[in-house]
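Report on the structure
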Amino acid sequence: MEFKHISVLLDECLEGLNIKEDGIYVDCTLGGAGHSKEIIKRLSNKGRLIGIDQDKDALKAAGEKLKDYNNATLVHSNFENIKDVVENLGLEGVDGILIDLGVSSYQLDTAERGFSYMQDAPLDMRMNRELEFSAYDVVNGYSEDDLYKIIRDYGEEKFAKRIASFIVKAREEGEIKTTLELVDIIKAAIPAKARREGPHPAKRTFQAIRIEVNRELSIISKTIKDGVEKLNKGGRMAIITFHSLEDRIVKTTYKELTNPCTCPREFPICVCNNEPIVKIITRKPIEASKEELEENPRSRSAKLRVLEKL
Ligand SMILES: C[S@@+](CC[C@H](N)C(=O)[O-])C[C@H]1O[C@@H](n2cnc3c(N)ncnc32)[C@H](O)[C@@H]1O
């Protein structure tokens, strides 16, 4: 299947990264290399692009797209390993890091990957198919309370309690194996009126399970801190998020890095001497323009935050 994905906030990312032609840039979420291709076009032979993705399908598509460039290095890894990736390549520091969170349209649209609530497929949702843990294990193995908590917290789903209870009840009849079996259970759990209003009734629960399977939220803050450690002075980090849970983590971690003082509030002066290590470039997150929204509705919830290493 062709790798289809429209890059979000492309010009804004390129501007935010403040690309130097001989710089080293890490794209932590390579996907179809939409952002990466535009970055590498702006580099001279002395510049270098490192692309990371945990999905081998993405690496294959990106390799094809970047085949004419000999200054691109593609790495199969989780971006939470950014420090190791940079160090293993023998690099001391990099000039820019891009993270475009979430799944690609290719992953969503490829039925067999099990991300979509619109197409029937085995319950999977793994971005890295070399790992064993999948949506099947969450849906069939988690306790009712754990299901309730992830659906409530990661899906921000009002009917989380009922959905968890309906899943556990359905499991008494046998394993839940496919996406559409799960969709039917979710639909039965949501009151008819609520089902008719708003987005697809399974949207929030599927988001929650996907986040859990791929540990999407728990790795963001550490990745930001490790990435910043590897940024050269003046280097930039640009992160695109797609929902409030991700954005909150990015915002809070950026803030922590601008104010790393650990002194108790009642201390009249700072004695820990922890100095800010970054400055925030985007006071408010950058959002898609009207033109982009018209062209790509997926950009509706995108928010870009940029920082610079001091
Ligand atoms: C939104 S897409 C990126 C699209 C890309 N920027 C483009 O323009 O083509 C996100 C990609 O990041 C990958 N990804 C998500 N989380 C990851 C992680 N923790 N480590 C490595 N790759 C990840 C996904 O597999 C997916 O291919």
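Remember, it's a predicted structure, so these values are computed and weren't measured experimentally.

1. Considering the sheet that holds strand 6 (residues 278-280)
The strand order across the open sheet built from seven strands is 3-2-1-4-5-7-6, with neighbouring strands paired in mixed fashion. Two strands in the sheet have a free side with no partner beyond their single neighbour: strand 3 (72-76) and strand 6. Here the average twist between neighbouring strands, direction ignored, is 15°. Bridge count between strand 1 (residues 24-27) and strand 2 (residues 48-53): four bridges; the pairing is parallel. Note that in strand 2 the partner of Asp27 across the bridge is Gly51. Running over the sheet, helix 1 (residues 10-17) touches strand 1, strand 4 (94-100), strand 5 (231-241) and strand 7 (303-309) and is turned about 160° from strand 5.

2. As for the side chain of Glu157
Turning to its location among the elements, Glu157 is positioned in the loop between helix 7 (144-155) and helix 8 (160-171). In contact with Glu157, other than residues within four places in its own chain, are Ile151, Arg152, Ile163, Ile190, Pro201, Arg204 and Thr205.

3. Brief notes about the packing of aromatic side chains
Scanning the model with the defined rule gives three aromatic pairs in all. Ring centres of Phe3 and Tyr106 lie 4.5 Å apart, and the angle between their planes is 15°; this geometry places the pair in the stacked category. Residue Phe3 is found in the segment before helix 1, and its partner Tyr106 is found in helix 5 (residues 105-109); the two are separated by 103 residues along the sequence. Of the two residues, Phe3 and Tyr106, neither departs from the other in class, the shared state being buried. Above the face of the Phe166 ring, Lys169 is positioned so that its terminal group lies 5.6 Å from the ring centre. Positioned above the aromatic ring of Phe242 is the side chain of Arg298, whose terminal nitrogen or guanidinium carbon lies 4.5 Å from the ring centre.

4. Considerations on unusual backbone geometry
A negative phi angle is the norm for most residues apart from glycine, just as the trans form is the norm for most peptide bonds. One non-glycine residue with positive phi stands out, namely Met125, at about 65°. Looking at where Met125 falls in the secondary structure, it is placed in the loop between helix 5 and helix 6 (135-141). Although it is not a glycine, Asn273 sits at a positive phi angle of roughly 60°. Here Asn273 lies in the loop between helix 13 (244-258) and strand 6. What makes Asn273 exposed here is its relative accessible area of 57%.

Basis of the calculations
- Residues numbered from 1 in each chain as written.
- Predicted model: local features only at pLDDT ≥ 70, side-chain atom pairs only at ≥ 80, totals over all residues.
- Heavy atoms only, no water.
- Pairing = 2+ DSSP bridges.
- Helix = DSSP H or I, 4+ residues; strand = E, 2+ residues; numbered from the N terminus.
- Axes fitted to C-alpha atoms, helices over the stretch in contact; angles between N-to-C directions.
- Contact = heavy atoms within 4.5 Å.
- Phe/Tyr/Trp six-rings, centres within 6.5 Å; stacked < 30°, edge-to-face > 60°.
- Buried < 20%, exposed > 50% of the residue type's maximum accessible area, 1.4 Å probe, protein only.
- Lys NZ or Arg CZ within 6 Å of the ring centre and 35° of its normal.

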